[in-house]
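# Notes for the structure review
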Amino acid sequence: MQTIGERLEEARKRKGISLREAAEATKIRSDFLSSIEQNKFDFELPEIYKNGFIKNYARYLRLDPEKVLTDYHAQQLSHTRLGRKNGAELFGTMDLKKSPAGTAEPEAAGGNGERSSTPGASMGRISSTPSPAKVDENDEAEDQAGSDEESDKIFYIKAGLIFVGTLAFVIVVFGLIKAILGGGDDAVPADNGTDSAITSSVDIPVEPPSLPATTSSLKLIANGTVYVMVKQKQDNQVIYKGTLSSGDEIPLTKTGPVDVMFTAGENLVIEQNGERMRPGASGTAKITLD
């Protein structure tokens, strides 16, 4: 039956992939891949890394990663049990025989682990080799303990992440509440008797009422063709807009200052309060009259 390393090496060579190419593709060091193919899993890394390397390498070689990982665990468990069994047989067995004085004396066993055939031996032998059932129970207990320890680590990691996330959420919520409530610090405090008394004692200047604008007459006189628009400044009301021909006279009544805009100043004469004036500008311009 092929070992895990032989299976992986055969799959790699069948695809024509070198160890260097496999290392670059899987991001696993080539010396680790070489050790895995040689079934040398004693390199100094935690077991979780070894499991990850084997799983990723099998996936890269298009093998079933779960089956390869399961076979790896079975292979390691088999080696562990075999090592323990061989270690136990190194100690051999030891027999006890009863001495003439009634005390038990140890008698060395033979090289093959059998009890000595010396006459007079009346006590049984004590063997240091554990029974297969006990070895299996110990292995299962150790495997269960390792699984429980890994589950505990995962549980504590998840609990820590949940606690950190909850704490961060609470801090954010408290920050938002503080920001919302802090917006009311600038509110004006409620008036009390002292504030009212102080306020009532302050004299507030009152602006005098504005006087009504003065109404006056205005006349537009044309001695040529000119376009004129007259607009009151206080309310932006246009009181006249149109084109005048030579000899036209347009009487107007204005309230307050006005802006007079025209296209040909040389063809326009303005009469205000019986006084005639000609705009100082020719062409298109604007003047203001009080």
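All chains use their own residue numbering, which begins from 1 and follows the written sequence. At least 70 in pLDDT is required for a residue's local features to be given in this predicted model, at least 80 for side-chain atom pairs to be given and counted, and no such filter applies to totals for whole chains, interfaces and linings, which use all residues. No hydrogens and no water enter the side-chain calculation; it runs on all heavy atoms of the structure.

### A look at the overall build of the protein chain
A count of helices and strands for the protein chain gives seven helices and eleven strands. Any residue under 20% of the maximum accessible area for its type is buried, any over 50% is exposed, and the rest in between are partly exposed; the area is computed with a 1.4 Å probe on protein chains only. Relative to its 290 residues, the protein chain shows a buried fraction of 24%. Contacts were defined at the residue level, with two residues in contact if any of their heavy atoms lie within 4.5 Å. Long-range pairs, those at least 24 residues apart, make up 55% of the contacts in the protein chain with a sequence separation of at least 6. The secondary structure listing takes helices from DSSP runs of H or I that are at least 4 residues long and strands from runs of E that are at least 2 residues long, numbered from the N terminus.

### A short note on the pattern of salt bridges
Any Lys or Arg side-chain nitrogen located within 4 Å of an Asp or Glu carboxyl oxygen qualifies as a salt bridge. Following the criterion strictly, the structure yields ten salt bridges and no others. Ionic pairing is found between Asp31 and Arg29, a salt bridge with its closest N-O pair at 2.6 Å. Overall, Asp31 belongs to the partly exposed group, its relative accessible area being 35%. Note on Arg29: relative accessible area 52%, which makes it exposed.

### Looking at the confidence of the model for the protein chain
Per-residue pLDDT for the protein chain averages 75, and the proportion of residues at 70 or more is 66%. The predictor rates its confidence in each residue with pLDDT, a number between 0 and 100. The low-confidence segment residues 185-202 (pLDDT under 50) makes two contacts with residues lying over four places distant or belonging to another chain.

### Digging into unusual backbone geometry
Here Lys27, not a glycine, exhibits a phi torsion of approximately 60 degrees, which is positive. Taking relative accessible area as the criterion, Lys27 reaches 72% and is therefore assigned exposed. Although it is not a glycine, Arg62 adopts a positive phi angle of roughly 65 degrees. Note that Arg62 resides in the loop between helix H4 (47-60) and helix H5 (65-89).

### Quick word on the sheet that holds strand S4 (residues 215-222)
When DSSP finds two or more bridges between a pair of strands, those strands are recorded as paired. If you walk across this open sheet you meet the four strands as S7-S4-S9-S10, and the pairing is antiparallel. This sheet does not close on itself; its edge strands, each paired only once, are strand S7 (249-255) and strand S10 (275-277). Put simply, the sheet's adjacent strands are angled 25 degrees from each other on average, direction ignored. Axis definition: a line fitted to C-alpha atoms, over the contacting stretch in the case of helices. Angles run 0 to 180 degrees between N-to-C directions.

### Structural notes on helix H3 (residues 30-37)
When we look at burial in H3, the residues that qualify are Phe32, Leu33, Ser35, Ile36 and Glu37. For H3, the elements touching its buried residues are helix H1 (4-14), helix H2 (19-26) and H4. At the C-terminal side of H3, Asn39 shows a positive phi close to 60 degrees.

### Considerations on the sheet that holds strand S11 (residues 285-289)
Strand order across the open sheet formed by four strands is S6-S5-S8-S11, with antiparallel pairing between neighbours. At either margin of the open sheet sits one strand with a lone partner, and together these are strand S6 (238-244) and S11. Strand-to-strand twist across the sheet, computed as the mean angle between neighbouring axes with direction ignored, equals 15 degrees. Inspection of the sheet shows strand S8 (residues 258-262) paired to S11 by five bridges, in the antiparallel sense. Residue pairing for S11: Phe262 is matched across the bridge by Ala285.

### Notes on the packing of aromatic side chains
Ring pairs are drawn from Phe, Tyr and Trp, using the six-membered ring of Trp, whenever the two centres fall within 6.5 Å, and their geometry is named by plane angle: stacked under 30 degrees, edge-to-face over 60, tilted for the rest. Scanning all chains against the criterion turns up four aromatic pairs. Here the aromatic cluster, defined as three or more aromatic residues joined through ring pairs, consists of Phe32, Phe43 and Phe53. Charges are assigned to positions over rings by a cutoff of 6 Å between ring centre and Lys NZ or Arg CZ, combined with an angular limit of 35 degrees from the ring normal. Seen from the ring of Phe32, Arg29 lies directly overhead, with NZ or CZ sitting 4.4 Å from the centre. Against the face of Phe43 rests Lys50, its NZ or CZ located 5.3 Å from the ring centre.

### Comments concerning the nonpolar core
Put simply, a nonpolar core is a bunch of buried Ala, Val, Leu, Ile, Met, Phe, Trp, Tyr and Cys residues held in one set by side-chain atoms that sit within 4.5 Å of each other. Core analysis: the largest hydrophobic core is formed by 20 residues, its most contacted members being Leu8, Leu33, Ile36, Ile54, Tyr57, Val68 and Tyr72. Broken down by secondary-structure element, the contributors of at least two residues to this core are H1, H2, H3, H4 and H5. The element that contributes the greatest number of residues to this core is H4, accounting for four residues. Once you skip the residues sitting within four places of it in the chain, Ile36 turns out to touch Gly5, Leu8, Phe41, Phe43, Phe53 and Ile54. Membership of the second largest hydrophobic core comes to 16 residues, among which are Leu220, Ala222, Phe262 and Ala264.

### Focus on a nonpolar patch on the surface
Candidates for patches are residues over 30% relative accessible area with no salt bridge; among them, like charges are joined within 9 Å and nonpolar side chains (Val, Leu, Ile, Met, Phe, Trp, Tyr) within 5 Å. With residues, only the protein chains shown are counted as cover, and all accessible areas are computed by Shrake-Rupley using a 1.4 Å probe. Where nonpolar side chains cluster on the molecular surface, the patch consists of Phe163, Val164, Leu167 and Ile171 and spans about 420 Å² of accessible area. Note that Val164 resides in helix H6 (residues 132-182). The exposure class of Val164 is exposed, given its relative accessible area of 54%.

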